[in-house]
2 protein chains.
Amino acid sequence: MTPTTRVTLAEIAAEAGVSLATMSKVLNGRTDVAPSTRARLEEHLTRHGYKRRNVAQRTDSLELVFHELEASWSMEVIEGVKDVATAAGLSVALTVSGDRHTPSSDWIDGVLRRRPVGIVLVFSDLARPHREKLRSRGVPFAIVDPAGDPAPDVPSVGSANWSGGLMATRHLIELGHRRIAAITGPEDMMCSLARIDGYRSAMNAANLPIDPSWIRFGDFHPTGGETNARELLAGPDRPTAIFAGSDLQALGVIAAATAAGLSVPRDLSVVGYDDIALARWLSPQLTTVHQPLRRMGEEAARLVLRLAEGETVDTLRMDLATHLVVRGSTAPLAG
Amino acid sequence: MTPTTRVTLAEIAAEAGVSLATMSKVLNGRTDVAPSTRARLEEHLTRHGYKRRNVAQRTDSLELVFHELEASWSMEVIEGVKDVATAAGLSVALTVSGDRHTPSSDWIDGVLRRRPVGIVLVFSDLARPHREKLRSRGVPFAIVDPAGDPAPDVPSVGSANWSGGLMATRHLIELGHRRIAAITGPEDMMCSLARIDGYRSAMNAANLPIDPSWIRFGDFHPTGGETNARELLAGPDRPTAIFAGSDLQALGVIAAATAAGLSVPRDLSVVGYDDIALARWLSPQLTTVHQPLRRMGEEAARLVLRLAEGETVDTLRMDLATHLVVRGSTAPLAG
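Definitions and limits used
- Residues numbered from 1 in each chain as written.
- Chains lettered and ligands numbered in written order.
- Predicted model: local features only at pLDDT ≥ 70, side-chain atom pairs only at ≥ 80, totals over all residues.
- Heavy atoms only, no water.
- Axes fitted to C-alpha atoms, helices over the stretch in contact; angles between N-to-C directions.
- Helix = DSSP H or I, 4+ residues; strand = E, 2+ residues; numbered from the N terminus.
- Parallel < 35°, antiparallel > 145°, perpendicular 65-115°, else oblique.
- Left-handed = near helix turned anticlockwise from the far one by under 90°.
- Contact = heavy atoms within 4.5 Å.
- 1 Å grid on protein atoms, 1.4 Å probe; cavity = no way out; pocket = protein on both sides within 12 Å on 5 of 7 lines; lining within 4 Å.
- Points joined across faces, edges and corners; volume = space filled by probe spheres on them.
- Nonpolar A, V, L, I, M, F, W, Y, C, P; charged D, E, K, R; others polar.
- Domains from an automatic or database assignment.
- Buried area = accessible area lost by both parts, 1.4 Å probe.
- Salt bridge = Lys/Arg side-chain N within 4 Å of Asp/Glu carboxyl O.
- Polar contact = N/O pair within 3.5 Å; in protein donor to acceptor, adjacent residues only side chain to side chain.
- Buried < 20%, exposed > 50% of the residue type's maximum accessible area, 1.4 Å probe, protein only.
- Pairing = 2+ DSSP bridges.
- Least-squares fit on C-alpha atoms with pLDDT ≥ 70 in both.

**Digging into the packing of helix 9 (residues 222-234) of chain B against helix 10 (residues 247-259) of chain B**
Residue and element names in this part refer to chain B.
Step number 1: Running from N to C, helix 9 and helix 10 cross one another at 40 degrees; their axes reach a closest spacing of 6 Å. Taken together, the axis directions place helix 9 and helix 10 in an arrangement best described as oblique. Here helix 9 and helix 10 pass one another in a crossing that is right-handed. Together, Pro-222, Gly-224, Gly-225, Glu-226, Ala-229, Arg-230 and Leu-233 of helix 9 and Leu-248, Gln-249, Gly-252, Val-253, Ala-255, Ala-256 and Ala-257 of helix 10 make up the contact between the two elements.

Now the structure itself:
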């Protein structure tokens, strides 16, 4: 993937006109070097494609980075990463940083100091300077990406979002529903768009018209489901089924339906997305698209460990399958 | 708390007849020393009350140890610990080990190698040899203890379990219920016993008889609630209200009631315990006892950081208050 060069750190230091000690500090993420000097020395490292060879001093931990911890959702990923790390005799260091797109810049300094065996990131992408820094320190990483579309040369594990949206909608159509609305996640996340496109394709394939007001962008949290469902259920020709885009949004949709005096699934069918551990314990049990979050965490951790061992990995991008789990929140259209 | 001695590691090594290098390896949790030698040298460290003075080489992470990760529950504690750690510029290293009483012995070796600033444990106690090892390495720890009763000299943060059980039951009595059952957690956890004692006191104070079959031990998971509720609801004089002992068990109780054709709260009132993030998003919204899990994590992390700074902490045990949150799963006794 990247050219291996034989230039030593001492040679790069000499070229940059600093001591080896200073160069070493920059390599190890120490903060007692002026920011402008650090930036300049980083450029030298990048230009030479410098890659740390001696990785013996690493701690025995795998780093897992989230932009936010969402209980039911994050825990599945944590469990998957933890299982693989534990089997390899590593601990898992958990950090939370940045926004949903990329971790913040002080995070990267911390990583360089901590020197983990590798990093699993739950983000849609990693900024190029961060990738460059990790590469030069020989710290491999992989992205668990239920959210977006990272660059093709970035190791990542995703899942079949488009198929998920298609299966959810097709299930509702097969139950006889025609007025089907969809609430997806934020508009700037590729997974939201993929799920909605799956919904659209299922509707189009069945020759069902889509009222523009039926397509909604939420936040993947219960409130997003509730707010949008309240509006959807207020109109005269209300939908008889809603694809909620996430299990948490499905909870919000059911809450809005209950508040409007509607019973699920008798008056409204609801399909979630994710299949969180509690989905089968809700009353009614939630029909939902199973997203293999735990396996995505496992595969990302395995990918990082393989890269850490110096293995050549042919396929850097992996999409795991999703499947529909039919439970009690969907029913044939009444009447 | 413990005698400070001035004996050096070199002196202890000389006394034990080993080199300083070997003694150092034991201190740092290295595994290339024979187990019998390690055990013998640990004894020397313990006898002298040796305590590491130079802590400069520590990594910048706070270790958080669980015996199991339960999504809705563990995440609250993680969030609390993370917030305090982040504010102090530390990352959180998450490990899972052992059973609900104490971490396994290989965990302690990992800790000695990782050298965290401090440790927050979600266990009912920490075995004395582990405590001794941590003390001699100068690694402070605190227990987040929703579960048991650690020794009084162990830093820990718990919550008012007895009051929680009392408040939940009193609420049901005030709604007119008389046949009230209680499903608590495992019998070997002190918090289970405390919550049941609170239930008993509320019943006794109201002069209500308790049928022995109404007191049940579950597992704090949905299945425990479901299995016990199915049995409770099968009899002729079924309870009209159930204190479910945890929100997850409450989900199981509601599932069993639904399966039995009973509607919550019309035919059965249900009170949970914990107030997990999803409790207000269930339909009906769950009436529950709020256990301040997040604040418990915060306080435990603060306690560890204070100990790490060498502060003298007067009160090693802290119990945070619980309170009842009345929502939609409880109603006045019909008829």
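The rest of the description comes next.
**So, empty space enclosed by the protein**
Step number 1: Applying the stated rule across the entire model yields four cavities of 30 Å³ or more.
Step number 2: Its volume calculated, the second largest cavity comes out at about 120 Å³.
Step number 3: Taken together, Leu-251, Ile-254, Trp-281, Leu-282, Ser-283 and Pro-284 of chain A together with Leu-251, Ile-254, Trp-281, Leu-282, Ser-283 and Pro-284 of chain B make up the lining of the second largest cavity.
Step number 4: Those elements giving two or more residues to the lining of the second largest cavity turn out to be helix 10 (247-259) of chain A together with helix 10 of chain B.
Step number 5: Split into classes, the residues belonging to the lining of the second largest cavity amount to 10 nonpolar, two polar and no charged.

**A look at the domain arrangement of chain A**
All names here are of chain A.
Step number 1: If you check the domain split of chain A, you get domain 1 (9-47), domain 2 (61-159 + 293-320) and domain 3 (161-292).
Step number 2: In this structure, domain 1 and domain 2 have C-alpha centres spaced 26 Å apart.
Step number 3: On the domain 2 side, the residues contacting the nine residues of domain 1 number eight residues.
Step number 4: It is Leu-27, Asn-28 and Glu-42 that lose the most area in domain 1 upon contact with domain 2, and together they represent 49% of the buried surface on that side.
Step number 5: If you look at where domain 1 meets domain 2, you find one salt bridge.
Step number 6: As a salt-bridge pair, Arg-137 and Glu-42 come within 2.7 Å of each other at their nearest N and O atoms.
Step number 7: Inspection of the region where domain 1 meets domain 2 yields two residue pairs in polar contact (both at pLDDT 80 or more).

**Here we look at the pattern of salt bridges**
Step number 1: A complete count under the given rule lists 34 salt bridges over all chains for this structure.
Step number 2: Arg-294 of chain B is paired through a salt bridge with Glu-79 of chain B; the nearest N and O atoms lie 3.7 Å apart. On the criterion of sequence distance, the pair formed by Arg-294 of chain B in helix 11 (residues 293-308) and Glu-79 of chain B in helix 4 (residues 71-87) is long-range, its members being 215 residues apart.
Step number 3: A salt bridge links Lys-82 of chain B to Asp-83 of chain B; the nearest nitrogen and oxygen atoms lie 3.0 Å apart.
Step number 4: Of the residues examined, Asp-83 of chain B reaches a relative accessible area of 29% and is grouped as partly exposed.
Step number 5: When salt bridges that share partners are traced, they join Glu-79, Lys-82, Asp-83 and Arg-294 of chain A into one network.

**Thoughts on the sheet that holds strand 10 (residues 287-290) of chain B**
Residues and elements named next belong to chain B.
Step number 1: One open sheet holds the six strands; their spatial order is 7-6-8-9-10-12, and the pairing between them is mixed. This sheet does not close on itself; its edge strands, each paired only once, are strand 7 (215-217) and strand 12 (323-325). Averaged over all pairs of adjacent strands, the angle between their axes in this sheet comes to 20 degrees, without regard to strand direction.
Step number 2: Both strand 8 (residues 241-243) and strand 9 (residues 269-274) contribute to a ladder of three bridges, which runs parallel. Across the sheet, residue Phe-243 finds its bridge partner in strand 9, namely Val-271.
Step number 3: Sitting on the sheet, helix 8 (residues 190-205) touches strand 6 (180-184), strand 7, strand 8 and strand 9, and the angle it makes with strand 6 is about 170 degrees.

**Thoughts on the relation of the copies chain A and chain B**
Step number 1: Of the transformation superimposing chain A on chain B, the axial component is 0.0 Å and the angular component is 180 degrees, with the fit at an RMSD of 0.0 Å. Expressed as a symmetry operation, the mapping of one chain copy onto the other fits a two-fold axis. It is Ala-93 of chain A whose C-alpha, among those of chain A, lies nearest the rotation axis, at 1.9 Å.
Step number 2: Interface overlap between copies is the fraction of interface residues in one copy that are interface residues in the other; for chain A against chain B it reaches 100%, indicating a shared surface.

**Comments concerning unusual backbone geometry**
Step number 1: Following Val-264 of chain B, the chain continues into Pro-265 of chain B via a peptide bond in cis, with omega recorded as 10 degrees.
Step number 2: Following the sequence through the fold, Pro-265 of chain B ends up in the loop between helix 10 and strand 9.
Step number 3: Backbone torsion omega between Ser-283 of chain B and Pro-284 of chain B reads 0 degrees, so that peptide bond is classified as cis.
Step number 4: Relative to the assigned elements, Pro-284 of chain B resides in the loop between strand 9 and strand 10.
Step number 5: Of note, the phi angle at Asn-207 of chain A is positive, near 55 degrees, even though the residue is not glycine.
Step number 6: You can see Asn-207 of chain A is positioned in the loop between helix 8 (190-205) and strand 7 (215-217).
Step number 7: For Asp-274 of chain A, which is not a glycine, the phi torsion comes out positive at approximately 125 degrees.
Step number 8: Structurally, Asp-274 of chain A can be placed in strand 9 (residues 269-274).
Step number 9: By relative accessible area, Asp-274 of chain A is classed as buried at 6%.

**Some thoughts on the interface of chain A and chain B**
Step number 1: Taken together, the contact between chain A and chain B spans 33 residues of the former and 33 residues of the latter.
Step number 2: Buried surface at the junction of chain A and chain B, summed over both partners, amounts to about 2,700 Å²; 72% is from carbon and sulfur atoms.
Step number 3: For chain A, the biggest contributors to the area lost against chain B are Met-75, Leu-278 and Trp-281 of chain A; these three give 24% of the whole.
Step number 4: If you look at where chain A meets chain B, you find zero salt bridges.
Step number 5: Put simply, chain A and chain B have two residue pairs in polar contact (both at pLDDT 80 or more) between them.

**Details of the sheet that holds strand 9 of chain A**
Residue and element names in this part refer to chain A.
Step number 1: Pairing within the open sheet is mixed, and its six strands lie in the order 7-6-8-9-10-12. One side of each edge strand has no neighbouring strand; the edge strands of this open sheet are strand 7 and strand 12 (323-325). Pairs of neighbouring strands in the sheet enclose a mean axial angle of 20 degrees, with direction left out of account.
Step number 2: Of the pairings in the sheet, the one linking strand 6 (residues 180-184) to strand 8 (residues 241-243) comprises three bridges and is parallel in character. From the neighbouring strand, Ala-181 faces strand 8, where its bridge partner is Ile-242.
Step number 3: Lying on the sheet, helix 8 is in contact with strand 6, strand 7, strand 8 and strand 9; it crosses strand 6 at an angle near 170 degrees.
Step number 4: In the packing of helix 10 onto the sheet, contacts are made with strand 6, strand 8, strand 9 and strand 10 (287-290), and the angle to strand 9 comes to roughly 155 degrees.

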